[in-house]
Amino acid sequence: MSRKIVAGLFVSLDGVVEAPERWHFPYLSDEMGAAVGGMYTEADTLLLGRVTYEAFAAVWPHQDDEMAEAINGIAKVVASTTLTEVTWNNSTLIERDLVAAVKELKDQPGGTIALSGSISLVRTLLAAGLLDELRLLLHPLAVGTGMRLFPEGAPPVPLELVRSAALPKGVLDLTYRPA
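Residues numbered from 1 in each chain as written. Predicted model: local features only at pLDDT ≥ 70, side-chain atom pairs only at ≥ 80, totals over all residues. Heavy atoms only, no water.

A. Region of the structure containing the pairing of strand 1 (residues 5–12). With seven of eight residues buried, strand 1 lies mostly within the body of the structure. Judged from the four bridges that link them, strand 1 and strand 5 (residues 112–116) form a sheet pairing that is parallel. Across the sheet, Ile5 pairs through a bridge with Ile113, a residue of strand 5. Across seven bridges, strand 1 lies against strand 6 (residues 133–139) in parallel orientation. (Buried < 20%, exposed > 50% of the residue type's maximum accessible area, 1.4 Å probe, protein only. Helix = DSSP H or I, 4+ residues; strand = E, 2+ residues; numbered from the N terminus. Pairing = 2+ DSSP bridges.)

Have a look at this one:
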C-alpha cells in the first residue's frame, strides 16, 4: 500500500493561492492553527517546492513552539530545478524526474506526506494522479489578483468533498479527493 500525499493550501474565494501571507492573517484562529498543525503532526514527510522551501527555511528554524518543533524535525523533500543544495535539517533535494521521484517516495514505507503551498507542485501531482487529498482553507475574501490553484483554461479536475468544517472568522476547512 502506498503512502498518502495530502496538499494543504490557503485559498481565497476567487481561487487565489499565491502569497497568502499578504491576506490570510486577519482570519487566523486557534481552530485554524489546530487544523494546520494537525496536517503536520499526521505526516512524517513534508514535500515542498523551492519557493515554499526557501520561505519555510527562513522562518521555522528560528521558532521554538510546538508546530516549529514538528516542522523542523520532520523529513523534508524539496522539488526544485534550480536549487543545488538544501541546508535545512532533515532536507533532501529531488534531483531528477519529479513525477518518478514522487511515485518512488509514495511507494516507500512511512506515513502521510504533507505538501504545503507549492502551487506548481500541487498542479503537477494532481495531473499525474499522485495527490490523494487536497485540503483547502477557504478564506472569505476575494483577493483579485495572483496565481490561482486552477488557472484559466486548465482541464477539468473532478473532486469529491470528503470533509468540511466551518472555522471562526468565516474560514471553511475543506478536504477533497480526486473523484
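B. A negative patch on the surface, seen in detail. There is a patch of like negative charges on the surface, built from Asp64, Asp65, Glu66 and Glu69. Here Glu69 is to be found in helix 3 (residues 66–73). (Patch = residues over 30% accessible without salt bridge, like charges linked within 9 Å, V, L, I, M, F, W, Y side chains within 5 Å. Areas by Shrake-Rupley, 256 points an atom, 1.4 Å probe, with all protein chains shown as cover. Salt bridge = Lys/Arg side-chain N within 4 Å of Asp/Glu carboxyl O. Lys, Arg positive; Asp, Glu negative; His and termini not counted. Charge placed at Lys NZ, Arg CZ, Asp CG, Glu CD.)

C. Spotlight on helix 5 (residues 119–127). Listed as buried for helix 5 are Ile119, Leu121, Val122, Leu125 and Leu126. Summarising the axial view, the buried residues of helix 5 lie within an arc of 160°, below the 170-degree limit, and thus occupy one face. Of the surrounding secondary structure, the elements contacted by the buried residues of helix 5 are strand 1, strand 2 (43–49), strand 3 (75–79), helix 4 (98–107), strand 5 and strand 6. Looking at the residues trailing helix 5, positive phi occurs at Gly129, about 75°. (Arc of directions from axis to C-beta. Contact = heavy atoms within 4.5 Å.)

D. Molecular detail of the nonpolar core. If you look at the biggest cluster of nonpolar residues, it comprises 27 residues, and the most contacted ones within it are Met32, Leu46, Tyr53, Phe56 and Trp88. Among the elements of the structure, helix 1 (30–41), strand 2, helix 2 (50–59) and helix 3 are those that each provide at least two residues to this core. A per-element tally of this core places helix 1 first, with four residues. Contacts of Leu46, omitting those with residues within four sequence positions, involve Tyr40, Phe56, Ile71, Ile74, Ala75, Lys76, Val77, Ala114 and Ser116. Counting 26 residues, the second largest nonpolar core, distinct from the first, contains Ile5, Val17, Leu47 and Leu174. (Core = buried A, V, L, I, M, F, W, Y, C linked by side-chain atoms within 4.5 Å.)

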